[in-house]
Amino acid sequence: MKIRTKLILLFLAIILVVAAAIALERDFEVKRLAGIFALSRAREEIAFDKIVALRNNRLEALVSDYTFWDEMVEFTKTGDKEWAAENIDASLSVFNVNAMWVFRKDYTGLYSFWSLDEDVEDLPLSKGAISHLFRNSRFCHFFIRVGKNIMEVRGATIHPTADILRKTEPQGYLFAGILWDEKSLRELASLTGTSVRFASPNERPVPDTRANIMSGESGFLRQFTGWDGKPLAKIAVSFRSESIKHYNLTGQTVFFVFGLLAAVSLLVFFISVVHLVSYPLRLVSESLKNKDPAPLAPLAKNNDEFGEITKAICEAFEQEAALEAANIRNREAEIQEKAILENISDLAWLKDLENRYIVVNGPFAKACGRAPAELIGKTDSDIWPREAAERYVADDKEVIFSGKQKVICEPLFSADGDMSWMETVKTPMFNDKGEVIGIAGISRDITERKKSEEELKKAYIDLKETQHRLIQAEKFSALGKFSTSFAHEIKNPLGIILNGIEYLEMKLGASDNDLKGDLDIIKRSTLRADDIIKKLLKFARPSEIKLERIKPQELVNDTLPFFKYSSPTGEIKISTELSVEPMEFMADKNQMQQAIINMVMNAAESMANTGGQITIKAYREGRSEFYFAKPVCVIEISDNGPGISEANMSKLFEPFFTTKSEKGTGLGLFITKLIIDNNKGNIAVDSKLGRGTTVRMIFPLA
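Throughout what follows, the structure given in this document is the object of discussion. (Residues numbered from 1 in each chain as written. Predicted model: local features only at pLDDT ≥ 70, side-chain atom pairs only at ≥ 80, totals over all residues. Heavy atoms only, no water.)

Considering the arrangement of structural elements, one finds T693 in strand 20 (residues 692-700). Polar contacts involving the side chain of T693 include one to the side chain of S687, which spans 2.8 Å. Those residues in contact with T693 that lie beyond four places of it in its chain are I637, S638, D639, G643, I644, V685, D686 and S687. (Helix = DSSP H or I, 4+ residues; strand = E, 2+ residues; numbered from the N terminus. Polar contact = N/O pair within 3.5 Å; in protein donor to acceptor, adjacent residues only side chain to side chain. Contact = heavy atoms within 4.5 Å.)

Structure (structure tokens):
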């Protein structure tokens, strides 16, 4: 095919490319217009929502102000209709509200006022519905049907004026409503510059078609929900943007002018190329075809680009012979490198700076489950799982940037799914200028050595654990014998003292208040001593452990009904965060419930005067320092109480140690620790003064 023919074809191709570019540019303009269209619609929606919010502020203000009022609290008790006529009925016109309802604290209706023609004076809510609305909040917002129209209703619980935060028990409930009818929709459309109407229940938003985008027409829906959260009604809002329509017309004009200029420019370009390029290209083609620089002689004297091309071609002919000799030497070197790698039993490979494999041996390819030739040019992300590939790339970058060898001990999962421990040595490769040009790697299987090390480590830890348990068992045995003997010697005298105190209380007259107070102090101290004796006897005669599979989520949920705490100055709340991940551990369920109760009681008692939050969590932990980095189940109990001082942290699990003065026996944490140990678990406490305390009970997964 002649050069002229090729240039004609090239010109046609350029025309097609330019046409495609113009079409793409037009498509881009349409997409940009769609973006402007979407932004315009978003602005219209925001403006519409703000105007609706301003329109309904009066309803929210009325409900908030009238439910934070001592006189309203009194009205819920007296039902004074004269007061209601002066204060409630009159407020409807002031706030432009159409209806108001007042309910007593038992959810029965007390008062209602209706300023509309429709006969719907009663609020269509049951007692259960009102209770549901205020279960989690002191305010509510919903819509109801009023004939063909709908009414927006806001409600709130009634509290005394002094209760700023509405923490006291509600004294009643107040609801107020504003009607949404055709008139209000017309007013809203006038304010927003849009068209607003009631939509059918099945109506969907208008799609963003190309025709709508070009014309600037769009709309959106707003859905109203009832008290139960279910859809009740919809309104449709539509608008038209003249600026988008004008922008589209301008874009079409620019598109036409640009196309015309492009066509003229391409024609001039084609004529110039045919005249200036056709003849020089024919000479260059003849020279390259015959591998002879002689035809290029007429161009050698030129100072233009073709003169430079002629010189470059002549130099290329001269370099070709030198390159051929160099290629022969390189092929011989590659053969030698492959021979060395194939004779190594370990995994071996070479990589370039782009993390591509340039040479691999047979063992490496076998570990990957592929042929060696398939791996050439591949990267780690093409061969290994994502996590492993990222780790290998990070090691390679460290070797490249540091220019130093790195030794790594890491797991390797073969194509068969078998896991082996490998000792990998990565070494940087340098060129003659001292620059890093790649990485050489060798991996040796050390699985057997790793197993031996792990077995030795496990045997050592098992020995230490056994030694610790033997020492603890000896201590508990001695303490148990002492507790039994001590308890029986003290319990009988305590009983005599209690009987004597009760006898004296019966004999004392009404005027002996001082003596009665002293006897009460003696009685409380004696009962506290008796409680300590009972716990010592319970410790001395521990119950038999009945191991069973326990799901931590069920354990926590079954234990929650046992406790509920509150304090004079603040309420203690108990919340749970239970993982949905399935997991089980082996333990005695009754003893575990006792341990959780002990921990929650300790947390609650520490916050008895201030109130606070107790959180119970159950989750799986992938690696635990207590069980050789194996997965475990964790039950965590945390509070935001006063915390424990550093000096007391080391004494927490000692028997009879307590920070509760007369209220504590000092055996709760001690018995909890004993329960956890007997059930093959571990317990850890983390606490700082002023930041609360966290207790973690850790068990190996079953």
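Additional details are given in the paragraphs that follow.
Moving on: unusual backbone geometry. Of all residues except glycine, most have a negative phi; of all peptide bonds, most are trans. Its identity as a non-glycine residue notwithstanding, N355 has a phi of 70°, on the positive side. Of note in this structure, K680 is not a glycine but carries a positive phi near 65°. Mapped onto the fold, K680 is located in the loop between helix 19 (668-678) and strand 19 (682-688).

All right, on to the sheet that holds strand 19 then. With mixed pairing, five strands are arranged side by side in an open sheet as 15-17-18-20-19. What marks the edges here is a single partner per strand, and that holds for strand 15 (572-578) and strand 19. Looking at each pair of strands side by side, their axes are set apart by 15° on average, direction ignored. Lying on the sheet, helix 16 (residues 552-559) is in contact with strand 15, strand 17 (612-621) and strand 18 (632-639); it crosses strand 15 at an angle near 160°. Sheet strands in contact with helix 19 are strand 19 and strand 20, and its direction is about 140° off that of strand 19. (Pairing = 2+ DSSP bridges. Axes fitted to C-alpha atoms, helices over the stretch in contact; angles between N-to-C directions.)

Before going further, it helps to spend a moment on the packing of aromatic side chains. Inspection of the entire model under this criterion finds 20 aromatic pairs. Ring geometry for Y66 and F95: centres 6.3 Å apart, planes at 90°, overall edge-to-face. Note that Y66 is positioned in helix 1 (residues 3-66) and F95 in helix 3 (residues 81-95), a separation of 29 residues in sequence. The pair Y66 / F95 is uniform in exposure class, with both members buried. Centroid distance F75 to Y111: 5.9 Å. Interplanar angle 80°. Geometry classified as edge-to-face. One end of the pair, F75, is in helix 2 (residues 70-78); the other, Y111, is in strand 2 (residues 109-114), with 36 residues separating them in the sequence. The pair formed by F75 and Y111 is uniform in burial state, with each residue classed as buried. Each member of the aromatic cluster is reached from another via a ring pair, and the members are Y66, W69, F75, W83, F95 and Y111. (Phe/Tyr/Trp six-rings, centres within 6.5 Å; stacked < 30°, edge-to-face > 60°. Buried < 20%, exposed > 50% of the residue type's maximum accessible area, 1.4 Å probe, protein only.)

All right, on to the nonpolar core then. The biggest cluster of nonpolar side chains holds 30 residues, and the ones touching the most others in it are F585, M592, I614, I637 and M697. Of all elements in the fold, only helix 16, strand 16 (585-587), helix 17 (589-606), strand 17, strand 18, helix 19 and strand 20 reach the threshold of two or more residues within this core. Ranked by residues supplied to this core, first place goes to helix 17 with seven residues. Apart from the residues lying within four places of it in its own chain, the contact partners of I637 are I596, M599, V600, I614, T615, I616, T693, T694, V695 and M697. (Core = buried A, V, L, I, M, F, W, Y, C linked by side-chain atoms within 4.5 Å.)

The next subject is a negative patch on the surface. Residues D445, E448, E453, E454 and E455 make up a contiguous surface patch of negative charge. For the negative patch, the element with the highest residue contribution is helix 14 (residues 447-507), accounting for four residues. Positionally, D445 belongs in strand 13 (residues 436-445). Assessed through its relative accessible area of 47%, D445 is described here as partly exposed. (Patch = residues over 30% accessible without salt bridge, like charges linked within 9 Å, V, L, I, M, F, W, Y side chains within 5 Å. Areas by Shrake-Rupley, 256 points an atom, 1.4 Å probe, with all protein chains shown as cover. Salt bridge = Lys/Arg side-chain N within 4 Å of Asp/Glu carboxyl O. Lys, Arg positive; Asp, Glu negative; His and termini not counted. Charge placed at Lys NZ, Arg CZ, Asp CG, Glu CD.)

Here helix 2 has its buried residues at M72, V73, F75 and T76. Each buried residue of helix 2 sits inside an arc of 155° when the element is viewed along its axis, so together they form one side. Following helix 2 by one or two positions, G79 has its phi on the positive side, about 65°. (Arc of directions from axis to C-beta.)

With that out of the way, let us pick up the pattern of salt bridges. A full pass over the atoms with the stated rule returns 22 salt bridges. With a closest N to O distance of 3.7 Å, E581 and R620 form a salt bridge. Pair noted here: E581 is in the loop between strand 15 and strand 16 and R620 is in strand 17, with a separation of 39 residues, a long-range link. Residues participating in the shared-partner salt-bridge network are E577, K617, E621, E636 and R696.

On to the environment of A262, then. Within the secondary structure layout, A262 lies in helix 7 (residues 242-290). As for A262 and A19, which are separated by 243 residues in sequence, their C-alpha atoms are 9.0 Å apart.

Strand pairs in the sheet, formed through backbone hydrogen bonds, run parallel or antiparallel to each other. Here we have five strands laid out as an open sheet, ordered 10-9-13-12-11, and antiparallel in their pairing. Bordering the open sheet on either side are strand 10 (357-360) and strand 11 (406-413), each of which pairs with just one other strand. Taking each pair of neighbouring strands and ignoring which way they run, the sheet shows an average axis angle of 25°. In terms of strand pairing, strand 12 (residues 419-430) meets strand 13 through nine bridges, oriented antiparallel. In the strand pairing of strand 13, M429 is matched with G438. Of the strands in this sheet, strand 9 (347-352), strand 11, strand 12 and strand 13 are in contact with helix 13 (residues 386-402), which crosses strand 11 at around 165°.

The end-to-end C-alpha distance of helix 13, which contains 17 residues, comes to 24 Å, matching closely the 24 Å that a straight helix rising 1.5 Å per residue would cover. Against the buried residues of helix 13 lie strand 9, helix 12 (380-383), strand 11, strand 12 and strand 13. After helix 13 finishes, the residue G403 shows a positive phi value of roughly 70°. (Expected span 1.5 Å × (residues − 1).)

It is worth spelling out the packing of helix 2 against helix 3 at this point. Geometry of a packed helix pair, given as the angle between the helix axes and the separation of the axes. For the pair helix 2 and helix 3, the least separation of the axes is 11 Å and the interaxial angle reads 140°. Between helix 2 and helix 3, the interaxial angle falls into the category oblique. Between helix 2 and helix 3 lies a crossing of left-handed hand. The segment helix 2 lies against helix 3, with E71, M72 and F75 engaging W83, A84, N87 and I88. (Parallel < 35°, antiparallel > 145°, perpendicular 65-115°, else oblique. Left-handed = near helix turned anticlockwise from the far one by under 90°.)

Glancing now at the environment of I490. Relative to the helices and strands, I490 is located in helix 14. The partly exposed category is assigned to I490, whose relative accessible area is 31%. In sequence terms I490 and D530 are 40 residues apart; their C-alpha atoms lie 8.6 Å from each other.

Here we take up the pairing of strand 18. Counting buried residues along strand 18, eight of its eight residues qualify, which places the element largely inside the surrounding structure. Alternating positions in strand 18 separate into two faces, V632, V634, E636 and S638 on one and C633, I635, I637 and D639 on the other, with burial throughout. Where strand 17 and strand 18 come together, eight bridges link them in antiparallel fashion. Within strand 18, the position partnered with Y619 by the bridge is V634.

This next bit is on the pairing of strand 4 (residues 149-157). Where burial is concerned, most of strand 4 is hidden: nine out of the nine residues are buried. Burial along strand 4 is two-sided: the residues N149, M151, V153, G155 and T157 and I150, E152, R154 and A156 are all buried. Judged from the eight bridges that link them, strand 3 (residues 139-146) and strand 4 form a sheet pairing that is antiparallel. Directly across from V146, in strand 4, lies its bridge partner N149. Connecting strand 3 to the antiparallel partner strand 4 that follows it, the hairpin turn spans two residues, and G147 within it adopts a positive phi of roughly 65°.

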